[in-house]
Amino acid sequence: MKQDFGRVAVLMGGVSGEREVSLMSGNGVLAALKSQGVDAHAFDPASEPLDDLRAFQRVFIALHGGYGENGAIQGMLEIMGIPYTGPGVMASAIGMDKFRTKLLWQAVGLPVPEYAMLDENTAFDAVEKRFGLPLFVKPACEGSSIGVFMVTRPGELKSAYESARQHGNLIMAEKGIMGGEYTVGILGDEALPIVKIEPATAFYDYEAKYLRDDTRYICPAELPPAKAAEIQAGAKKAFDALGATGWGRVDFLMDEAGRHYFLEINTSPGMTSHSLVPMSARQAGFSFEALCVRILEEAHCG
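None of these values were measured; they are calculated from a predicted model.

J.: Honestly, the sheet that holds strand E4 (residues 115-118) in this entry has me stumped. Any pointers?
T.: Within a beta sheet, neighbouring strands are joined by backbone hydrogen bonds and run either parallel or antiparallel to one another. Here four strands make up an open sheet; going across it, the order is E4-E7-E5-E6 and the pairing antiparallel. Both edges of this open sheet fall to E4 and strand E6 (149-151), since each of them pairs with a single strand only. Geometrically, the sheet is characterised by an average inter-axis angle of 25 degrees between neighbouring strands, direction not taken into account. In this structure, strand E5 (residues 135-139) lies alongside strand E7 (residues 171-175), joined through five bridges in antiparallel fashion. Looking across to E7, one finds that Pro 139 is bridged to Ile 171. Strand contacts of helix H5 (residues 98-107): E4, E5 and E7, with the helix running at about 145 degrees to E4, the strand carrying the most contacts. Across the sheet, helix H7 (residues 157-164) touches E4, E5, E6 and E7, and the angle it forms with E5 is around 20 degrees.

J.: Would you explain empty space enclosed by the protein in this entry?
T.: A probe matching the size of a water molecule, rolled over the atoms, marks out where space remains unfilled. A full pass over the atoms with the stated rule returns one cavity of 30 Å³ or more. What the largest cavity holds in volume is close to 50 Å³. Lining the largest cavity, in full, are Ile 61, Gly 68, Glu 69, Gln 74, Thr 85, Gly 86, Pro 87, Ser 92, Trp 247, Thr 267 and Ser 268. Looking at the lining of the largest cavity residue by residue, the classes come out as three nonpolar, seven polar and one charged.

J.: So what exactly am I meant to see when it comes to the nonpolar core here?
T.: Here is a general trend for soluble globular proteins: nonpolar side chains tend to be buried in one another's company. Counting residues in hydrophobic clusters, the biggest one holds 26 residues, and the most contacted among them are Trp 105, Ile 194, Leu 223, Ile 231, Val 250, Phe 252 and Phe 262. Mapped by element, the contributors of at least two residues to this core are H5, strand E8 (181-187), helix H9 (225-241), strand E11 (247-254) and strand E12 (260-266). The leading source of residues in this core is H9, at five residues. The contact partners of Phe 252, leaving out residues within four places of it in the chain, are Gly 180, Glu 181, Tyr 182, Thr 183, Val 184, Ile 194, Ile 231, His 260, Tyr 261, Phe 262 and Leu 263. One finds Val 10, Leu 187, Phe 288 and Cys 292 within the second-largest nonpolar core, a separate group that totals 25 residues.

J.: Explain the environment of Leu 276 here, please?
T.: By the element assignment, Leu 276 lies in helix H10 (residues 276-283). Under the relative-accessibility criterion, Leu 276 is labelled buried at 5%. C-alpha of Leu 276 to C-alpha of His 300: the two residues are 24 residues apart in sequence and 23 Å apart in space.

Scoring rules and cut-offs
Residues numbered from 1 in each chain as written. Predicted model: local features only at pLDDT ≥ 70, side-chain atom pairs only at ≥ 80, totals over all residues. Heavy atoms only, no water. Pairing = 2+ DSSP bridges. Helix = DSSP H or I, 4+ residues; strand = E, 2+ residues; numbered from the N terminus. Axes fitted to C-alpha atoms, helices over the stretch in contact; angles between N-to-C directions. Contact = heavy atoms within 4.5 Å. 1 Å grid on protein atoms, 1.4 Å probe; cavity = no way out; pocket = protein on both sides within 12 Å on 5 of 7 lines; lining within 4 Å. Points joined across faces, edges and corners; volume = space filled by probe spheres on them. Nonpolar A, V, L, I, M, F, W, Y, C, P; charged D, E, K, R; others polar. Core = buried A, V, L, I, M, F, W, Y, C linked by side-chain atoms within 4.5 Å. Buried < 20%, exposed > 50% of the residue type's maximum accessible area, 1.4 Å probe, protein only.

Without other data, these values stay purely geometric and don't point to any function.
Written out as structure tokens, the structure is:
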């Protein structure tokens, strides 16, 4: 089957704030596919004309953030008729917007953290009192924890909002759920083993994700089997609710009482040495190389 993929473009880099992470992911995927005999080639849409993708038979999307995950590149590939990895146009567009993702998940009965949308007219003190501290402020349409701020002292919410506004126009505040950070990878129709994330920093920020070596990962997470199965089923429901296909990752939080809350979906997860889906897939019996081939097998158009 590996020889049947034809020429494969690995999209990486791009122009979003996650460009450097995307290059790390893309180069890892490129090396893995080549090691498996796939005719794979790097393709950076920041410097190469998109029309040149017509020379390829499949596309592995390793772009993060911006146009790589918001449905734009997926729509272009649909028009070109080139199969690509990951969710389609609609799921990518919704998944890139944390606000509308939460609305959809709430509509199908999934638990999410309490949240409020912020603007310059927000009564910031009232939001702090309603949620309590800590709380988190984030751009609704960014990833990799870019522009995320943890508010721990009264009166800090407004300045955190102003800082987050440097990274986007749609800003949200979320109640802090501090019992643990977790994620569930989705591969095809399967929810992979749960990963628990224990950062040495205050929360799982950009530095903890990509730059530090003291973030601790526990996979499979030490959860009661029935609870783990419940969360995996919920993560798959969250994935399906967006109309997502192929692969992705659903993040969730636990409170001190053991209740879980789905946080966000990643429709083009990281594929670096620190990344979570490869870690989870290893527990399910997939090497990194086998995982990349499996994702490529799920490539679709339409």
